[in-house]
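What the coordinates show
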Amino acid sequence: MKQVSLRGYQTYNGKKMLEEAKESLRSDEAVYAYIRDKLHLTNGQVEDNLAVLLDFQEDFHYCDSCPGFDKCDKNEPHYQMRLNYDGKMVVREFYACPKLKEKQEYAARFLRHDFPDEWNNKDARSVDWDGERKKILVEFQNIVKGKSDKWLYIKGNSRSGKSFILAALANTFSLTYSPVAFCDCATLVERLKTYAFSKRPDDKETLAKAMEAYSNCPLLVLDGFGNEFKSEYVYSALLFPILSSRRQKGLLTAFGSDFSISEIMGEYKTKIGQLRTKQFENLLKGAIDKEYELVNLGVY
């Protein structure tokens, strides 16, 4: 049987594929400009580094048509490729994409932010300046400007918008003063209790650092205040020390709750007794001029 040589065929197709790959780079205006202006490669150097350049081209256009932060399925999610020529070969480098940088910068403004990510870009301008909300926003402005040293207390039923407005105010405040803590009160209490009752030595130090951080941050928001597990320990070792310290230092504290202060104190009375409850109530009511109440609009 006569043998057929494929050498010429393979050479032909190899050259054709090489030229097609190079042409795909040349015809890609944005990628070609990057390669030309940053790397200054000769035609031979392009050929020697073609695989890396094609990887960059793919990465460049994937990021240029970003599917969204949560949908990024690259091998290096949320990192973009850039290229450098070290005199011998083109090397890949990776750096955080703008969306990741934005998230990192936002996270740095908060100790905690227990609210949905879709509220991250909300601020005071996102709130309806209407009725009781306008009064809350004006009071907040007065506090920030140093015209008041009072705390904010917002109550209302589910979906009345109290958490949303507090998140918007926390975002606004954190642009100037950080780090801010926006905490679901029940979650915060349980986390601190976990550290307190842990047998790991490191957790004792973690608890001490957390207590210091929440006692000293420029703004502490306790959302869902009154939903926390109520006990002598929670009162005397966690909440009261944090809040009394903040009051002494004149640090802004805000509350979101389904209940009035009096209703919450009624619950605490059965757990910590009348005298301690009175101490807690005096602290709160001495720091809070008014309990703002929001009606359920069903839009938040």
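Residues numbered from 1 in each chain as written. Predicted model: local features only at pLDDT ≥ 70, side-chain atom pairs only at ≥ 80, totals over all residues. Heavy atoms only, no water.

A few points about the environment of C97
Let me state the cut-off plainly: Helix and strand assignments follow DSSP, with helices taken as H or I runs no shorter than four residues and strands as E runs no shorter than two, numbered in order from the N terminus. Partly exposed describes any residue whose relative accessible area lies between the buried limit of under 20% and the exposed limit of over 50%, with all areas from a 1.4 Å probe on protein chains only and scaled to the type maximum. Only heavy atoms matter for contacts: two residues are in contact if any of them lie within 4.5 Å across the pair.
Structurally, C97 is set in the loop between β2 (90-96) and α5 (98-107). Look at C97 and you get buried, because its relative accessible area is 11%. Sequence spacing of C97 and K15 is 82 residues, and the spatial spacing of their C-alpha atoms is 36 Å. When neighbours within four sequence positions are excluded, C97 is seen to be in contact with H78, Y79 and Q80.

A short note on the layout of surface pockets
Short version of the rule: Lining residues are defined by having an atom within 4 Å of a point belonging to a cavity or pocket. Those points lie on a 1 Å grid over the protein atoms alone, cavities being sets where a 1.4 Å probe fits but cannot get out and pockets being open sets with protein on both sides within 12 Å along at least five of seven lines. Grid points are joined across faces, edges and corners, and a volume is the space filled by probe spheres set on the points. Under the grouping applied here, Gly and all other residues not named as nonpolar or charged are polar, the nonpolar ones being Ala, Val, Leu, Ile, Met, Phe, Trp, Tyr, Cys and Pro and the charged ones Asp, Glu, Lys and Arg.
In this structure, the largest pocket occupies an estimated 360 Å³ of space. If you trace the largest pocket, you find it lined by G68, F69, D70, K99, E102, K103, Y106, R109, D117, E118, N120 and N121. Counted by class, the lining of the largest pocket contains two nonpolar, three polar and seven charged residues. Approximately 240 Å³ is the volume found for the second largest pocket.

Overview of the pairing of strand β5 (residues 180-184)
Rules: Here the rule is simple: two strands pair whenever DSSP picks up at least two bridges between them.
Counting buried positions along β5 yields four of five residues, so the element is predominantly enclosed. In the sheet, strand β3 (residues 110-113) pairs with β5 via three bridges, with the strands oriented parallel. Each bridged residue has a counterpart across the sheet, and for F110 the counterpart in β5 is V180. Two elements, β5 and strand β6 (residues 219-223), share four bridges in a ladder whose sense is parallel. Of the residues in β6, the one forming a bridge with F182 is V221.

Focus: the packing of helix α2 (residues 29-39) against helix α4 (residues 50-64)
Inclusion rule: Between the N-to-C directions of two axes lies an angle of 0 to 180 degrees, each axis being a line fitted to C-alpha atoms and, for a helix, fitted only over the stretch in contact. What sets the label is the angle itself: under 35 degrees gives roughly parallel, over 145 gives roughly antiparallel, 65 to 115 gives roughly perpendicular, and the rest give oblique. The hand of a helix crossing depends on one turn: near helix anticlockwise from the far one by less than a right angle means left-handed, and clockwise means right-handed.
Their axes nearest at 10 Å, the elements α2 and α4 cross at an angle of 125°. Taken together, α2 and α4 sit at an angle that is classed as oblique. Taken as a pair, α2 and α4 cross one another with a handedness that is right-handed. Across from A30, V31, Y34, I35 and L39 in α2, the residues of α4 making contact are L53, F56, Q57, F60 and H61. Across the contact of α2 with α4, the residue classes break down as eight nonpolar, two polar and no charged.

Things to note about the sheet that holds strand β7 (residues 252-257)
In spatial order, the strands read β3-β5-β6-β7-β4-β8; together these six strands make up an open sheet with parallel pairing. Each end of this open sheet is capped by a strand with a single partner; those strands are β3 and β8 (291-294). Neighbour-to-neighbour, the strand axes of the sheet open up by a mean angle of 15°, direction not taken into account. Against the sheet, helix α6 (residues 131-144) engages β4 (152-156), β7 and β8, with an angle of about 145° to β8. Taken strand by strand, helix α9 (residues 201-216) contacts β3, β5 and β6, and its axis lies near 90° from that of β3.

Quick word on helix α7 (residues 162-174)
Going by this rule: One fewer than the residue count of a helix, multiplied by 1.5 Å, yields its expected span.
The first and last C-alpha atoms of α7 sit 18 Å apart over 13 residues, in line with the 18 Å expected at 1.5 Å per residue. Among the 13 residues in α7, eleven count as buried, and that is most of the element. Inspection of α7 places K162, F164, I165, L166, A167, A168, L169, A170, N171, F173 and S174 among the buried residues, and these make up the whole buried set.

Re the pattern of salt bridges
So the rule is basically this: Any Lys or Arg side-chain nitrogen found within 4 Å of a carboxyl oxygen on Asp or Glu counts as a salt bridge.
In total, this model carries 19 salt bridges according to the counting rule given. Measuring nitrogen to oxygen at the nearest pair gives 2.5 Å for the salt bridge that ties D55 to R92. Remark: R92 occurs in strand β2 and D55 occurs in helix α4; sequence separation between them is 37 residues. Among the residues examined, D55 registers a relative accessible area of 31% and is labelled partly exposed. Assessed through its relative accessible area of 38%, R92 is described here as partly exposed. A salt bridge links K209 to E205; its shortest N-O distance comes to 3.2 Å. Pair noted here: K209 and E205 are both in helix α9, with a separation of four residues, about one helical turn. Look at K209 and you get exposed, because its relative accessible area is 52%. Through salt bridges with shared partners, one network takes in E19, K22, E23, R26 and E47.

Here we look at the nonpolar core
Under the convention used in this document: The set of buried Ala, Val, Leu, Ile, Met, Phe, Trp, Tyr and Cys residues whose side-chain atoms join them within 4.5 Å is what this entry labels a nonpolar core.
Ranked by internal contacts, the top residues of the largest apolar core, which has 36 residues, are L192 and L284. Looking at this core, the elements with two or more residues in it are β5, α8 (185-197), α9, β6, α10 (232-249), α11 (261-272) and α12 (274-287). No other element matches α10, which puts seven residues into this core. Residues L137, F140, L169 and L252 belong to the second largest nonpolar core, which totals 28 residues.

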